[in-house]
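The residues making up each chain are set out below.
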Amino acid sequence: MVSHLPGHRNGSPNIGLMGGTFDPIHVGHLVTAEEARQQFDLNSVIFVPAGIPPHKDHETISHPEHRYLMTTLAVMSNPAFIVSRFEIDQHEPTYTIDTVRHFAKDQSPEPNIFFITGADAILEIFTWKDYEELLRLSTFIAVTRPGYSLDHFHETLERNCPQMKQKVHLLEIPALAVSSTHIRDRVALGKTIKYLTPEPVEQYIKKMELYRIQN
Ligand code: ATP
Ligand code: MG
């Protein structure tokens, strides 16, 4: 359902995909998406909250509808940001390749897909399902998180997957040592989360009493 994307131009649009648990979404995600939008001339960035994350404990993760709604609240002020229900509406865990395939074919002309992800995650890409097709269908924007060394990234990439170099771009984000874990911990401890996430998300967390008990 991205046929009427804002900013759609003639020719193939550039679409950023940002996957994550978003439990909750925070300024780190938003600053990253906005920086990627500008640097890679993206027409839009689609946030794709994960349904049943394969790597996380189902018991300790908020309900997908909470995560979807918080993500929607967070992107409301940015006309280029969109939230997709694609992964949360699947009844089984989705792989990145499924999501990329879905968006690669979702409109005509077919968009150029830019998959935005942490640089630490990208190092493991060659263990992902159908990673060769993934690299054919999309360009990767590897975001370096605070405290992460770029030298290490280049060395590991060179060693493991030299053919990936043209398909992986690095995006350095000014130090934003915010994570969802940090926000959940602060809520559980009764500490303020003001400015770590947009105000509507902060209010939603309060109203729905999320993260009150530490997992
Ligand atoms: P958790 O602490 O629960 O692992 P998280 O803050 O890492 O949450 P995710 O939803 O797991 O958030 O992350 C989604 C994507 O955003 C991932 O690709 C991750 O690397 C990236 N990301 C997370 N935090 C930041 C940040 N502060 N700056 C830039 N990118 C980030
Ligand atoms: Mg994480």
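A quick note: this is a predicted structure, and the numbers were derived from the prediction, not measured. (Residues numbered from 1 in each chain as written. Chains lettered and ligands numbered in written order. Predicted model: local features only at pLDDT ≥ 70, side-chain atom pairs only at ≥ 80, totals over all residues. Heavy atoms only, no water.)

Draft legend 1. The arrangement of the nonpolar core in detail. Grouped together as the largest cluster of nonpolar side chains are 35 residues, with contacts concentrated most on Val45, Phe47, Phe81, Ile116 and Ile205. Residue assignment for this core shows that the elements contributing at least two residues are α1 (27–39), β2 (44–49), α2 (64–75), β3 (81–83), β4 (112–118), β5 (138–144), α7 (180–188) and α8 (199–207). Those residues in contact with Phe47, other than ones at most four positions away along the chain, are Met18, Phe22, Ile25, His29, Leu30, Ala33, Thr71, Val75, Phe81, Ile82, Val83 and Ser84. Membership of the second largest hydrophobic core comes to 23 residues, among which are Leu17, Ile82, Leu134 and Leu135. (Core = buried A, V, L, I, M, F, W, Y, C linked by side-chain atoms within 4.5 Å. Buried < 20%, exposed > 50% of the residue type's maximum accessible area, 1.4 Å probe, protein only. Helix = DSSP H or I, 4+ residues; strand = E, 2+ residues; numbered from the N terminus. Contact = heavy atoms within 4.5 Å.)

Draft legend 2. The arrangement of α2 in detail. Its 12 residues place the ends of α2 17 Å apart at the C-alpha level, agreeing with the 16 Å of an ideal helix rising 1.5 Å per residue. Among all positions of α2, only Arg67, Tyr68, Met70, Thr71, Ala74 and Val75 are buried. Buried positions in α2, seen along its axis, are confined to an arc of 165 degrees and lie on one side of it. Residues of α2 that are buried sit in contact with α1, β2, β3 and α8. (Expected span 1.5 Å × (residues − 1). Arc of directions from axis to C-beta.)

Draft legend 3. Quick look at the sheet that holds β5. One open sheet holds the six strands; their spatial order is β3-β2-β1-β4-β5-β6, and the pairing between them is parallel. Of all strands in the sheet, those bounded by a partner on one side alone are β3 and β6 (168–172). Sheet twist, expressed as the mean angle between neighbouring strand axes with direction ignored, is 25 degrees. Pairing of strand β1 (residues 14–20) with β2, which is carried by six bridges, proceeds in the parallel orientation. Each bridged residue has a counterpart across the sheet, and for Ile15 the counterpart in β2 is Ser44. Contacts between helix α3 (residues 96–104) and the sheet are confined to β1, β2, β4 and β5, with β4 contributing the most and set at about 150 degrees to the helix. (Pairing = 2+ DSSP bridges. Axes fitted to C-alpha atoms, helices over the stretch in contact; angles between N-to-C directions.)

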